[in-house]
Amino acid sequence: MTNPRVHAPAPADLEGGLASLRGDCARMAPRYPEPRRDPARPVPPSLIHGVTVPSSSARLLEDTVEYGD
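Just so we're clear, the structure is a prediction, and the values are computed from it rather than from any experiment.

(A) Quick look at the overall build of the protein chain. Helix and strand counts for the protein chain stand at 2 helices and 0 strands. Relative to its 69 residues, the protein chain shows a buried fraction of 0%.

(B) Just the pattern of salt bridges, in detail. Scanning the model with the defined rule gives 3 salt bridges in all. Across the pair Asp24 and Arg27 runs a salt bridge whose closest N-O atoms are separated by 2.3 Å. Pair noted here: Asp24 and Arg27 are both in helix H1 (residues 17–28), with a separation of 3 residues, about one helical turn. Looking at Asp24, the relative accessible area reads 32%, which means it is partly exposed. With its nearest N and O atoms 4.0 Å apart, the salt bridge here joins Asp38 to Arg36. On the basis of relative accessibility, which here comes to 62%, the residue Asp38 falls in the exposed class. Owing to a relative accessible area of 79%, Arg36 belongs among the exposed residues under this scheme.

(C) Quick peek at a nonpolar patch on the surface. Where nonpolar side chains cluster on the molecular surface, the patch consists of Val43, Leu47, Ile48, Val51 and Val53 and spans about 500 Å² of accessible area. Inspection of the secondary structure puts Leu47 in the loop between H1 and helix H2 (55–63). Under the relative-accessibility criterion, Leu47 is labelled exposed at 56%.

Scoring rules and cut-offs
Residues numbered from 1 in each chain as written. Predicted model: local features only at pLDDT ≥ 70, side-chain atom pairs only at ≥ 80, totals over all residues. Heavy atoms only, no water. Helix = DSSP H or I, 4+ residues; strand = E, 2+ residues; numbered from the N terminus. Buried < 20%, exposed > 50% of the residue type's maximum accessible area, 1.4 Å probe, protein only. Salt bridge = Lys/Arg side-chain N within 4 Å of Asp/Glu carboxyl O. Patch = residues over 30% accessible without salt bridge, like charges linked within 9 Å, V, L, I, M, F, W, Y side chains within 5 Å. Areas by Shrake-Rupley, 256 points an atom, 1.4 Å probe, with all protein chains shown as cover.

Purely geometric numbers; function is a separate question.
Shown next, in the form of structure tokens:
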């Protein structure tokens, strides 16, 4: 049995393009203010305990050291 009700996708905005999208985003931005963030503070090494890293992950990071440099 097939579903006789087929919903068409939303129509594409063929005339606006990227400029129209940027305008929509600019109008919506004031509705969604950026959350207030406190700056991250470093954690002293004495508080870091119980962290284990699987050997496969350690090898992966060890092999990609030059990638982030």
